[in-house]
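Architecture at a glance
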Amino acid sequence: MENVKDLIIVGGGPAGLTAAIYGIRAGLSLVLAEKFSPGGQVVNSYEIENYPGFAEPVEGWELMSRMEEQARRLGTEIINGDIISVDKSGDIFSVKMDGAVIESRSVIVAAGASHRKLGVPGEKEFMGRGVSYCATCDGAFYKDRITVVIGGGDVALEEAHFLTRFSSRVYLVHRRENFRGADILQKRVLLSDKIVPVYNSVVESVNGNEAVRSVSVKNLVTGKKEIINTDGVFVFIGYDPNTAFLDAELLNGSKEVEVDINMRTKVEGLFAAGDIRSGSKRQIVMACADGATAAMSAYDYLTELSCR
Ligand code: NAP
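A brief structural summary.

Reading the values: rules and limits
- Residues numbered from 1 in each chain as written.
- Predicted model: local features only at pLDDT ≥ 70, side-chain atom pairs only at ≥ 80, totals over all residues.
- Heavy atoms only, no water.
- Near = heavy atom within 4 Å.
- Polar contact = N/O pair within 3.5 Å; in protein donor to acceptor, adjacent residues only side chain to side chain.
- Areas by Shrake-Rupley, 256 points an atom, 1.4 Å probe, with all protein chains shown as cover.
- 1 Å grid on protein atoms, 1.4 Å probe; cavity = no way out; pocket = protein on both sides within 12 Å on 5 of 7 lines; lining within 4 Å.
- Points joined across faces, edges and corners; volume = space filled by probe spheres on them.
- Helix = DSSP H or I, 4+ residues; strand = E, 2+ residues; numbered from the N terminus.
- Nonpolar A, V, L, I, M, F, W, Y, C, P; charged D, E, K, R; others polar.
- Domains from an automatic or database assignment.
- Core = buried A, V, L, I, M, F, W, Y, C linked by side-chain atoms within 4.5 Å.
- Buried < 20%, exposed > 50% of the residue type's maximum accessible area, 1.4 Å probe, protein only.
- Contact = heavy atoms within 4.5 Å.
- Expected span 1.5 Å × (residues − 1).
- Disulfide = S-S within 2.5 Å.
- Pairing = 2+ DSSP bridges.
- Right-handed = clockwise from strand over helix to strand, strands pointing away.
- Axes fitted to C-alpha atoms, helices over the stretch in contact; angles between N-to-C directions.
- Arc of directions from axis to C-beta.
- Salt bridge = Lys/Arg side-chain N within 4 Å of Asp/Glu carboxyl O.

**Some details on the site of the ligand**
As a matter of local geometry, the ligand sits amid 19 residues, with N50, D154, R175, R176 and R180 nearest to it. The contact in question runs from an oxygen atom of the ligand to an N or O atom on the side chain of N50, over 2.8 Å. E158 places a side-chain nitrogen or oxygen 2.9 Å from a nitrogen atom of the ligand. Burial of the ligand by the protein chains amounts to 78% of its free accessible area of 910 Å².

**Some details on the layout of surface pockets**
Volume-wise, the second largest pocket comes out at about 280 Å³. Lining of the second largest pocket is provided by 14 residues; of these, Y46, E47, E158, H161 and R188 occupy positions nearest its centre. Taken together, the elements giving at least two residues each to the lining of the second largest pocket come down to helix 4 (154-163) and helix 5 (183-191). The greatest single-element share of the lining of the second largest pocket, amounting to five residues, is contributed by helix 4. Residues of the lining of the second largest pocket, tallied by class, amount to six nonpolar, two polar and six charged. Counting residues domain by domain, the lining of the second largest pocket receives three or more from each of domain 1 (7-115 + 239-306) and domain 2 (131-235).

**Notes on the nonpolar core**
Of all hydrophobic cores here, the largest spans 55 residues; its most connected members are V86, V107, I108 and V109. Looking at which element gives the most residues to this core, the answer is helix 6 (residues 284-306), with nine residues. When neighbours within four sequence positions are excluded, V107 is seen to be in contact with L7, I8, V10, V86, F93, V95, G269, L270 and F271. Counting 17 residues, the second largest nonpolar core, distinct from the first, contains V120, F126, Y133 and V215.

**Digging into helix 1 (residues 14-25)**
Working note: α-helix, 3.6 residues per turn, so residues spaced by three or four point in the same direction. An ideal rise of 1.5 Å per residue puts 16 Å on 12 residues; helix 1 measures up with 17 Å between its terminal C-alpha atoms. Of all 12 residues that make up helix 1, 10 are buried, and the element is covered over most of its length. For helix 1, the full list of buried residues reads P14, A15, G16, L17, T18, A19, A20, I21, G23 and I24. Looking at the buried residues of helix 1, the elements they touch are strand 1 (5-10), strand 2 (30-34), helix 2 (60-74), strand 5 (77-80), strand 8 (100-109) and helix 6.

**A few points about the state of the cysteines**
The final tally for this structure, using the stated rule, is one disulfide. Sulfur-sulfur distance for the disulfide between C134 and C137 comes to 2.0 Å. Classification of the bridge connecting C134 and C137 rests on its S-S torsion, roughly 75°, and on that basis the disulfide is right-handed. You can call C134 buried: its relative accessible area is 8%. Take C288: it sits in no disulfide, and the sulfur closest to it among the cysteines is that of C134, at 20 Å.

**Focus on the pairing of strand 13 (residues 195-198)**
For strand 12 (residues 169-173) and strand 13, the ladder comprises four bridges, and the chain directions are parallel. Within strand 13, the residue paired with V170 across the bridge is I195. As for the winding sense of the linkage, the β-α-β connection from strand 12 through helix 5 to strand 13 is right-handed.

**Side note on the sheet that holds strand 14 (residues 201-208)**
Within the open sheet, the three strands sit side by side as 14-15-16. Their pairing is antiparallel. The strands lining the two open edges of the sheet, one partner per strand, are strand 14 and strand 16 (225-229). Taken over all neighbouring pairs, the strand axes of this sheet differ in orientation by 25° on average, direction set aside. Here strand 15 (residues 212-219) pairs with strand 16 via five bridges, running antiparallel. Looking at the pairing, V217 lines up with E226 of strand 16.

**Comments concerning helix 5**
Buried within helix 5 we find L185, Q186 and V189. The arc enclosing the buried residues of helix 5, seen along the axis, measures out at 100°, which places them on a common side. For helix 5, exposure combined with an orientation more than 90 degrees from the buried face picks out D183, I184, K187 and L191. In the core, the buried residues of helix 5 are packed alongside helix 4, strand 12 and strand 13.

**Some points on the pattern of salt bridges**
For the structure on display, the rule yields 13 salt bridges. Put simply, E49 and R188 hold a salt bridge, and the shortest N to O gap is 2.9 Å. Taken together, the positions of E49 in the loop between strand 3 (47-48) and strand 4 (58-59) and R188 in helix 5 put the pair 139 residues apart, joining distant regions of the chain. Given the relative accessible area of 46%, E49 is considered partly exposed. Classification of R188 as partly exposed rests on a relative accessible area of 30%. Where E268 meets R308, a salt bridge forms, and the shortest distance between an N and an O atom there is 2.8 Å. One end of the pair, E268, is in the loop between strand 18 (239-241) and strand 19 (270-272); the other, R308, is in the segment after helix 6, and 40 residues separate them in sequence. Among the residues examined, E268 registers a relative accessible area of 42% and is labelled partly exposed.

Now the structure itself:
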């Protein structure tokens, strides 16, 4: 049983890294498995201004580098790998990854969520050739060019504002009459002379030849259709939880992992934290809190297991 860890954490975003920090400090032997490099979605945010402790906005990659450094300094082993499945036999979990199987007595899934796709003609075809899901990564390619942002939540508003650093004009296409994002972000967007809100409208297709040249937009109230010429289309219409590797019985109708307030799932010893879990508010500080809660619950579970 020497190779059996106390805990495997799946995912290296704020929830996973915080779970590691709490788990290690509680004396658990653990490993954190991450598909890419640690940091999660936050690394794609240019600036974070609502994470406590930073009087001035902190860049997403910097905040996450600090969390990773803290977890590593405390002794967290971070391995790379895409998770294929999590199974339990007796009291032991087997986490199957591409290339390895690791065993543990408990697991925290903190695999986050992925950008939702629009699903319109041209989106897939022009991905990487004008269609993007990350303004921080791709915004600079659109210097003095026209871009289109789709969505009306916090992310769409933040990213549209970020794109005004480069783009000459940013059309912000939203399917309703009002944005959903925070007041402070709405004000920022509406004050910008580079952002043109296009309300009550949906993008029906992304058009181009070698690269994106325009989008076809339909007004849902008037039925009127128009073409907006653009070089870059940025899609920010929410996220879907990364739960494909989990049993359907653990998930709710939105494919999120169902948890109680202690981040416990239906399976003893299996916990979930962050954007992957039911009821997540998708805030960094809350993902961190989830990670801490899940690690403390795992500790309690392991203590109880050792007394059986
Ligand atoms: P969101 O809040 O779920 O908003 C998604 C937006 O996309 C909504 O306006 C929605 O329209 C629209 N939408 C969804 N599906 C669509 C479709 N098929 N076609 C066209 N439009 C579509 O998602 P988000 O902005 O990505 O934010 C995700 C979460 O992260 C939120 O909980 C947010 O609060 C949080 N977050 C917070 C901050 C911050 O606090 N600074 C920053 C980033 C993210 P409807 O309005 O019609 O539903």
